[in-house]
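Chain by chain, the residues run as shown.
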Amino acid sequence: MPAACDSVLEDIEDIVSAEDLKPHDRQFVRKNIFPKVRKRNSQKNIQTDDDPPSDSIIPGVQKIWIRTWGCSHNNSDGEYMAGQLAAYGYKITDNSAEADLWLLNSCTVKNPAEDHFRNSIKKAQEGKKKVVVAGCVPQAQPRQDYLKGLSIIGVQQIDRVVEVVEETIKGHSVRLLGQKKDNGKRLGGARLDLPKIRKNPLIEIISINTGCLNACTYCKTKHARGDLASYPIEELVDRAKQSFQEGVCEIWLTSEDTGAYGRDIGTDLPTLLWKLVEAIPEGAMLRLGMTNPPYILEHLEEMAKILNHPRVYAFLHIPVQSASDSVLMDMKREYCVADFKQVVDFLKEKVPGITIATDIICGFPGETDEDFQETMKLVEQYRFPSLFINQFYPRPGTPAAKMHQVPAAVKKQRTKDLSQLFHSYNPYDHKVGERQRVLVTEESFDSNYYVAHNPFYEQVLVPKDPLLMGKMVEVNIYEAGKHFMKGQPVSDARVYTASITRPLAKGEVSGLREEFRHASQNGTTRKAHPSAKSPVKAALQSWMALQLPWQQEGGGLKILSVSLALLAVLVVFYYGGMKTEL
């Protein structure tokens, strides 16, 4: 066979001719070569400190401002998100101007609340702030134009707030809107043992369930929170016990409808309450949240016994919304006015002095003058000491928004008339001169008094004596207003301290194990590189990995491996004496 070329090369060296430079000569020539400096475009190549590339940003060191609108359930979610971010290393600030990122936790109940939320997004963007949105508005309508390009945390995904904030700071947009499930069954939401920063270190807000069983035609919250999903009793009791161990002296139970608790898991509200009462120390109190009339009717006897317990406020929030059965039918409230009256009358008889708070919507579609007059008569009859009056706002996507609307001027006038009726009576005048036992938990809005509550959850203002905060004391009532009483502490009365330990400082993270808290407070002997993970942060990240969906294939092995990794980190931390900043 002929060769591929005329001459066959026996060795690669045969390619080098006699005229070619030898290796020694090539090295000599290289020494006489001077590199030419290439001019660079300074504008294109200089990276400013203010705008580093996304992959060079170190998460966990930025300042975050959190704003929450809406109900106590939403406030609890905001506290959990703040706690996780602070535990990871972010600084939670009260100064929106100095923050690097705004976390806006929204409410979808009324148009004004959403308007404030939308305006805050616009203000953040104008100020070149990173934005993460949460709460019911983006959960219910994530495709709204003003939410385009923004990161979203769903109401059941608050345990992943660190991931979302981290990616947003890097310049990415992340949206987590899924539901938490276990073997196909919807769960109540994120775990209750997450770190949190309580807005008030003395008050723990516990969400006992999410969603509801109703389908009210005006409600947008249902679109966000969904159907009823309850937390197990043991988890709720454990959370309460942990709160008392952190200095809490008052617990609020909250949800979209506390009365429906447990119907999806084979239990009920009274069963939960009796278990919680066992865990309440002397001097501490429990406050129940809102319950709709249908779901408390069958538990009236047990609820009366619980509301008479000395460590449970004799207080219940039962929204009536209207005293017209035809309006209630259009609202799909699933009860009639007689049901509401039965609940109120029974509790007033069995729980002397009980405070009943209620809600009323003025100007619901189809409401006639006669319908509204029935509502006025109801308020006149019961003279509710706490009444939430709401002018109807049609929420997009709800059946009520498509109904024939009451003219705006009529809605406004009815709201005014009802407000005038409410302010025509003073519910506390007859209590002047009484001696009452009150629990002091917060400061008044004008900062002139401390705010306490008596056994009926009526507001009592007391002198600003730091020794009173978090204590249960006896006071003499000397003055009464529309929404409050004023009391003077009795000098010779016994003072109860509910806390079994020192309350956490304002802004301190709840839910961290003691070794975590010790490290975060005292671990400053050696400065670590910002990108290095401290034992605390590494442990937290491993712990957060447990929040991955449990039902995924191989989930058990993943959880086992993460648990072992967490154990290893703690062992190193505990025995190695390492002290690095969180």
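Under an unreviewed UniProt entry, the name given to the chain is tRNA-t(6)A37 methylthiotransferase, and the organism recorded is Pampusana beccarii. Word for word, the UniProt comment on the chain under Sequence similarities (unreviewed entry) is "Belongs to the methylthiotransferase family. CDKAL1 subfamily." Quoted verbatim from the Catalytic activity (unreviewed entry) field of UniProt, the annotation for the chain is "N(6)-L-threonylcarbamoyladenosine(37) in tRNA + (sulfur carrier)-SH + AH2 + 2 S-adenosyl-L-methionine = 2-methylsulfanyl-N(6)-L-threonylcarbamoyladenosine(37) in tRNA + (sulfur carrier)-H + 5'-deoxyadenosine + L-methionine + A + S-adenosyl-L-homocysteine + 2 H(+)".

K.L.:
Explanation requested: the sheet that holds strand β12 (residues 250–254) in the structure shown.
P.N.:
Hydrogen bonds between backbone groups are what pair the strands of a sheet, and the pairing can be parallel or antiparallel. Reading across the sheet, the 3 strands line up as β9-β12-β13 and stay open at both edges, with parallel pairing between neighbours. Because the sheet does not close on itself, it has two edges, and the strands there are β9 (203–207) and β13 (285–287). Adjacent strand axes in the sheet meet at a mean angle of 20°, parallel and antiparallel pairs treated alike. Where β12 and β13 come together, 3 bridges link them in parallel fashion.

K.L.:
Any chance you could explain the pairing of strand β18 (residues 450–453) here in plain terms?
P.N.:
On a regular strand, one side chain projects to one face of the sheet and the next to the other, so that they alternate. Across the two faces of β18 the burial is the same, with Tyr450 and Ala452 and Val451 and His453 all buried. Where strand β17 (residues 435–443) meets β18, 4 bridges bridge the pair, whose relative direction is antiparallel. Counterpart to Glu442 in the pairing with β18 is Val451. Two successive antiparallel strands, β17 and β18, enclose a turn made up of 6 residues, where Ser447 displays a positive phi of approximately 65°. Hairpin geometry of β18 and strand β19 (residues 459–462) is characterised by an intervening segment of 5 residues between the two adjacent antiparallel strands and by a positive phi of about 55° at Tyr457.

K.L.:
Which parts of the structure should I look at to understand the environment of Leu101?
P.N.:
As for its position among the elements, Leu101 is in strand β3 (residues 101–106). In the structure, Leu101 is positioned 23 residues away from Ala124 in sequence and 8.5 Å away in space, judged by C-alpha atoms. Those residues within four positions of Leu101 in sequence are excluded, and the remaining contacts are Lys63, Ile64, Trp65, Lys130, Val131, Val132, Val165, Thr168 and Ile169.

K.L.:
What am I meant to see in the packing of aromatic side chains here?
P.N.:
Each aromatic ring pair is characterised by the separation of its centres together with the angle its planes make. Within this structure, the stated rule accounts for 11 aromatic pairs. Considering the side-chain rings of Tyr382 and Phe384, the 5.7 Å spacing of their centres and the 25° angle between planes classify their relative orientation as stacked. For Phe384, a relative accessible area of 2% puts it in the buried group. Here the aromatic residues Trp69, Phe117 and Tyr146 are joined through ring pairs into a cluster of three or more. Against the face of Tyr146 rests Arg118, its NZ or CZ located 4.8 Å from the ring centre. Here the guanidinium or amino end of Lys196 rests over the ring plane of Tyr80, the centre of that ring lying 4.4 Å away.

K.L.:
Just to check I follow, could you spell out unusual backbone geometry for this structure?
P.N.:
Excluding glycine, residues mostly have negative phi values, and the peptide bonds linking residues are mostly trans. The phi dihedral of Lys128 is positive, around 60°, even though this residue is not glycine. Locating Lys128 in the fold gives a position in the loop between α4 (111–126) and β4 (130–135). Residues other than glycine seldom take positive phi values, yet Tyr457 does so here, at roughly 55°. Along the chain, the position of Tyr457 falls in the loop between β18 and β19. Assessed through its relative accessible area of 13%, Tyr457 is described here as buried.

K.L.:
Just checking my understanding: could you explain helix α13 (residues 337–350) for this structure?
P.N.:
Each α-helix turn comprises 3.6 residues. Residues three or four places apart therefore point the same way. The end-to-end C-alpha distance of α13, which contains 14 residues, comes to 20 Å, matching closely the 20 Å that a straight helix rising 1.5 Å per residue would cover. Turning to α13, its buried residues number three or more, namely Val337, Phe340, Val343, Val344, Phe346 and Leu347. As for α13, its buried residues are in contact with α10 (293–296), α11 (300–307), β14 (315–317), α12 (325–331), β15 (355–362) and α14 (369–382).

K.L.:
Could you clarify how one ought to interpret the side chain of Arg414 in this entry?
P.N.:
Relative to the helices and strands, Arg414 is located in helix α15 (residues 408–422). Side-chain polar atoms of Arg414 contact the side chain of Asp369, separated by 2.7 Å. Among all residues touching Arg414, those that are not within four sequence positions of it are Cys362, Gly363, Glu367, Thr368, Asp369, Phe372 and Val406.

K.L.:
When you look at the sheet that holds β4 in this model, what are you seeing that I'm missing?
P.N.:
One open sheet accounts for 6 strands, arranged β2-β1-β3-β4-β5-β6; its pairing is parallel. If you trace the sheet from one side to the other, it starts and ends with β2 (91–93) and β6 (175–176), each paired once. Relative to β6, strand β5 (residues 151–153) is paired through 2 bridges, and the arrangement is parallel. Bridging from a neighbouring strand, Ile153 pairs with Leu176 of β6. Packed onto the sheet, helix α6 (residues 161–169) meets β1 (63–68), β3, β4, β5 and β6 and runs at close to 155° relative to β4.

K.L.:
I would appreciate a short explanation of the nonpolar core in the present structure.
P.N.:
Side chains of a nonpolar character, in soluble globular proteins, are inclined to be buried together. In this structure, Leu85, Leu103, Ile153, Val165 and Leu347 are the most contacted members of the largest nonpolar core, which totals 109 residues. In terms of residue count, helix α3 (residues 72–88) provides more of this core than any other element does, 7 residues in total. Looking at this core, you find at least three residues from each of domain 1 (59–189) and domain 2 (430–497). Every residue in contact with Ile153, bar those within four places of it in the chain, is listed here: Met81, Leu103, Val132, Val133, Ala134, Gly135, Ile158, Val161, Val164 and Leu176. Ranked by size, the runner-up nonpolar core spans 17 residues in total, among them Leu104, Ile121, Val133 and Val137.

K.L.:
I'm lost on the packing of α11 against α13 in this one. Help?
P.N.:
The relative placement of two packed helices is expressed as an angle between their axes plus a distance between the axes. Remark: α11 packs on α13, axes separated minimally by 10 Å, with the N-to-C direction vectors making an angle of 40°. Of the possible angle classes, the one that applies to α11 and α13 is oblique. Pair α11 / α13 crosses with right-handed handedness. Only Gln342, Val343, Phe346, Leu347 and Lys350 of α13 make contact with α11, whose side of the interface consists of Leu300, Glu301, Ala304 and Leu307. Considering only residue class, the contact of α11 with α13 consists of 6 nonpolar, 1 polar and 2 charged.

K.L.:
Could you clarify how one ought to interpret the pairing of β15 in this entry?
P.N.:
With 8 of 8 residues buried, β15 is to be regarded as a mostly interior element. Here β15 shows a buried face lined by Thr355, Ala357, Asp359 and Ile361 and a second buried face lined by Ile356, Thr358, Ile360 and Cys362. Pairing analysis gives 3 bridges linking β14 to β15, with the strands arranged parallel. Paired with His317 across the strands is Ala357, a residue of β15. Sheet topology places β15 next to strand β16 (residues 386–391); 6 bridges connect them, and they run parallel. Directly across from Ile361, in β16, lies its bridge partner Asn390. Handedness of the crossover joining β15 and β16 through α14: right-handed.

Each value, and the rule that gives it
Residues numbered from 1 in each chain as written. Predicted model: local features only at pLDDT ≥ 70, side-chain atom pairs only at ≥ 80, totals over all residues. Heavy atoms only, no water. UniProt positions renumbered as here; feature names shortened; annotations may be inferred. Pairing = 2+ DSSP bridges. Helix = DSSP H or I, 4+ residues; strand = E, 2+ residues; numbered from the N terminus. Axes fitted to C-alpha atoms, helices over the stretch in contact; angles between N-to-C directions. Buried < 20%, exposed > 50% of the residue type's maximum accessible area, 1.4 Å probe, protein only. Contact = heavy atoms within 4.5 Å. Phe/Tyr/Trp six-rings, centres within 6.5 Å; stacked < 30°, edge-to-face > 60°. Lys NZ or Arg CZ within 6 Å of the ring centre and 35° of its normal. Expected span 1.5 Å × (residues − 1). Polar contact = N/O pair within 3.5 Å; in protein donor to acceptor, adjacent residues only side chain to side chain. Core = buried A, V, L, I, M, F, W, Y, C linked by side-chain atoms within 4.5 Å. Domains from an automatic or database assignment. Parallel < 35°, antiparallel > 145°, perpendicular 65-115°, else oblique. Left-handed = near helix turned anticlockwise from the far one by under 90°. Nonpolar A, V, L, I, M, F, W, Y, C, P; charged D, E, K, R; others polar. Right-handed = clockwise from strand over helix to strand, strands pointing away.

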